[in-house]
Amino acid sequence: MDGAAQNGDRPRVGPVKVSAEYEGIPGDIARGRELARRFLARARAAQGLAVSDRAVELVQLVVSELLTNACKYAPGPSLVDLELAEDRVEVTVWDSEPVLPVAATADPGRVGRHGLEIVMAVCQSFEVHREPVGKRMRAAVGLADDLNGTAALGRPA
């Protein structure tokens with residue numbers, strides 16, 4: 001056997017990652033969502049990965065919420081990295097604001113400011129680290145739904 005893929009499986013080629021810089025201007029959030037959608041479409045096509053439609057929607061949502069916070073609360077540019085890591089995609093957003101975000105307590109009557117709550121609810125993991133300049137937020141989103149019809153992160157599909 002020469003190591004070729006069998007049964008239509010495509011070999012996975014090293015880490016797959018995409019990065020983009022944003023300026024904090026109108027349209028950045030939509031561009032971030034589109035970056036996520038295209039990245040996962042390429043992962044499906046080129047890498048042969050099973051990426052559920054739900055995962056695509058969740059990754060776009062996470063990018064949107066984290067990039068919204070960066071645009072809203074941090075002066076200057078922000079960076080978005082998307083990287084495949086086994087059965088998940090790691091979403092990392094860096095911004096120039098060193099103050100670490102804190103999720104507000106749940107309040108159904110509050111209008112807005114639910115982004116961090118949403119991110120923490122839909123991700124497998126979420127962490128924030130202060131950097132020499134600004135902060136870096138990282139969230140992991142599962143790529144596939146399990147066989148019981150629930151999302152890989154354990155919530156109903």
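Scroll up a little and you will see the structure.
Because the structure is predicted, anything quoted here is derived from the model rather than measured. (Residues numbered from 1 in each chain as written. Predicted model: local features only at pLDDT ≥ 70, side-chain atom pairs only at ≥ 80, totals over all residues. Heavy atoms only, no water.)

Attention now goes to the overall build of the protein chain. Within the protein chain one finds three helices and five strands. Reading the secondary structure of the protein chain in the N-to-C direction produces β-α-α-β-β-α-β-β. Counting across all 157 residues of the protein chain, residues that qualify as buried make up 37%. Carbon together with sulfur atoms contributes 54% to the accessible area of the protein chain, which is approximately 8,800 Å² in total. (Helix = DSSP H or I, 4+ residues; strand = E, 2+ residues; numbered from the N terminus. Buried < 20%, exposed > 50% of the residue type's maximum accessible area, 1.4 Å probe, protein only. Areas by Shrake-Rupley, 256 points an atom, 1.4 Å probe, with all protein chains shown as cover.)

Glancing now at the environment of Val51. By secondary structure assignment, the location of Val51 is in the loop between helix 1 (28–47) and helix 2 (53–73). The buried category is assigned to Val51, whose relative accessible area is 7%. Between the C-alpha atoms of Val51 and Arg88, which are 37 residues apart in sequence, the distance is 9.1 Å. Filtering out sequence-adjacent residues up to four positions away, Val51 remains in contact with Leu40, Arg44, Val56 and Leu143. (Contact = heavy atoms within 4.5 Å.)

Moving on, we come to unusual backbone geometry. If you check the backbone angles, Glu86 has positive phi at about 55° while not being a glycine. With respect to the helices and strands, the residue Glu86 is situated in the loop between strand 2 (78–85) and strand 3 (88–95). Judged by its relative accessible area of 63%, Glu86 is exposed.

This part takes up the sheet that holds strand 5 (residues 135–142). With respect to topology, five strands assemble into an open sheet ordered 1-2-3-5-4, the strand pairing being antiparallel. The sheet terminates laterally at strand 1 (17–22) and strand 4 (125–130), the two strands that pair on one side only. Between one strand and the next, the sheet's axes are offset by a mean angle of 15°, whatever the strand orientation. Relative to strand 2, strand 1 runs antiparallel, the two sharing six bridges. When the bridges of strand 2 are listed, Tyr22 appears paired with Ser78. Sheet strands in contact with helix 1 are strand 1, strand 2 and strand 3, and its direction is about 170° off that of strand 1. (Pairing = 2+ DSSP bridges. Axes fitted to C-alpha atoms, helices over the stretch in contact; angles between N-to-C directions.)

Turning next to the packing of helix 2 against helix 3 (residues 115–122). Running from N to C, helix 2 and helix 3 cross one another at 150°; their axes reach a closest spacing of 9 Å. As summarised for this structure, helix 2 and helix 3 are arranged roughly antiparallel, according to the angle between their axes. The way helix 2 lies across helix 3 gives a crossing that is left-handed. Here Leu58, Leu61, Val62, Glu65, Leu66 and Asn69 of helix 2 lie close against helix 3, whose contacting residues are Gly115, Leu116, Ile118, Val119 and Val122. Of the residues assigned to the contact of helix 2 with helix 3, the class counts are eight nonpolar, two polar and one charged. (Parallel < 35°, antiparallel > 145°, perpendicular 65-115°, else oblique. Left-handed = near helix turned anticlockwise from the far one by under 90°. Nonpolar A, V, L, I, M, F, W, Y, C, P; charged D, E, K, R; others polar.)

Most often, soluble globular proteins have nonpolar side chains that are buried together. The biggest cluster of nonpolar side chains holds 33 residues, and the ones touching the most others in it are Phe39, Val59, Val62, Leu82, Leu84, Val89 and Val91. Of all the elements in the fold, those that place two or more residues in this core are strand 1, helix 1, helix 2, strand 2, strand 3, helix 3 and strand 5. The element best represented in this core is helix 2, accounting for nine residues. (Core = buried A, V, L, I, M, F, W, Y, C linked by side-chain atoms within 4.5 Å.)

Just geometry here; none of it tells us what the structure is for.
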